[in-house]
Each structure stands twice: as C-alpha cells, then as structure tokens.
Amino acid sequence: VDPIDSEEVYELLRSISDPEHPLTLEQLNVTQLQHITVNNDENHVLVEFTPTIPHCSMATLIGLCIRVRLLRSLPERFKVDIKVRKGTHQSENAVNKQLNDKERVAAALENKHLLEVVNQCLATA
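These notes cover the structure that comes with them. (Residues numbered from 1 in each chain as written. Predicted model: local features only at pLDDT ≥ 70, side-chain atom pairs only at ≥ 80, totals over all residues. Heavy atoms only, no water.)

## Regarding the pattern of salt bridges
Enumeration over the complete set of coordinates arrives at 6 salt bridges. Close ionic contact of Lys79 with Asp81 constitutes a salt bridge, the shortest N to O distance being 2.7 Å. On the basis of relative accessible area, Lys79 is assigned to the partly exposed category, the value being 48%. A salt bridge links Arg104 to Asp101; the nearest nitrogen and oxygen atoms lie 4.0 Å apart. (Salt bridge = Lys/Arg side-chain N within 4 Å of Asp/Glu carboxyl O. Buried < 20%, exposed > 50% of the residue type's maximum accessible area, 1.4 Å probe, protein only.)

## A few points about the sheet that holds strand β3 (residues 79-84)
With mixed pairing, the 3 strands of this open sheet are ordered in space as β1-β2-β3. Lying at the two open borders of the sheet, with one neighbouring strand each, are β1 (36-39) and β3. Neighbouring strand axes in the sheet, compared pairwise and without regard to direction, differ in orientation by 10° on average. With 6 bridges connecting them, strand β2 (residues 44-49) and β3 associate as parallel partners. Paired with Phe49 across the strands is Val84, a residue of β3. Its contacts with the sheet put helix α2 (residues 59-73) on β2 and β3, and the angle it makes with β3 is roughly 160°. The strands touched by helix α3 (residues 92-99) within the sheet are β2 and β3, with β3 carrying the most contacts at an inclination of about 160°. (Pairing = 2+ DSSP bridges. Helix = DSSP H or I, 4+ residues; strand = E, 2+ residues; numbered from the N terminus. Axes fitted to C-alpha atoms, helices over the stretch in contact; angles between N-to-C directions. Contact = heavy atoms within 4.5 Å.)

Remember, this is a structural readout, not a statement about activity or role.
Pasting the structure below:
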C-alpha cells in the first residue's frame, strides 16, 4: 500500500478551474497546501478550501469539483472530507453538510448539467 502525502493531493487540486473565473483554484488561493491533511494510518484526507468571497454562491460547486477529482484519483481506501475553512463563508455549515453527504453528492452527480460543469472545471486538472 503506497502512502500519499498532502503535496500529492495538492497537485491533484491546484489546477482545477474555478467555475466563474478563468483561473485555477491555486491562482485564486482557494486551495493551499497547508490546508490539506493526510492520515495514511486511518486512510483519511481532509481538504479545507477558502471561497473567494464570504457569500460565494459557487462554494458548493467548487467543493464538489474537489471531491470528484479526489474520487477519480485517490485509492478507494481513502475517506475524503471536504470543508470550507472555518470563518470563510457565511453558509459554512450548510456547504460542509452538502459536500460530505454521500447521497447528496451522488444525486448532484446524476444531474447531467452539473456533471458537465464539474467536468469543465476538471478539464484543466
């Protein structure tokens, strides 16, 4: 079993395009290396991201893009938690709840239009 580290996870995320801007999550400081935690012993990855503004309407979509990228890239043994960094979004709890609810994520990915938008954001990754 190959261990992974936060730098590997960051490399998977940094070039994802923002849904509203022609820039990457790294360029917008949405994802940062120091906000990624990997625990190989517990097969757990935590990614905390910072929306561009406190009332960012795209926060859930950005988190969904991060989740899909890691679902497609990391070994299945990893449980991934995606969270808005504390104090960086006005609907932080609601966004976090949506992003970490398997049924909501699955339902979102069954929406053809939403999946197209996610795939567009991931095309640069």
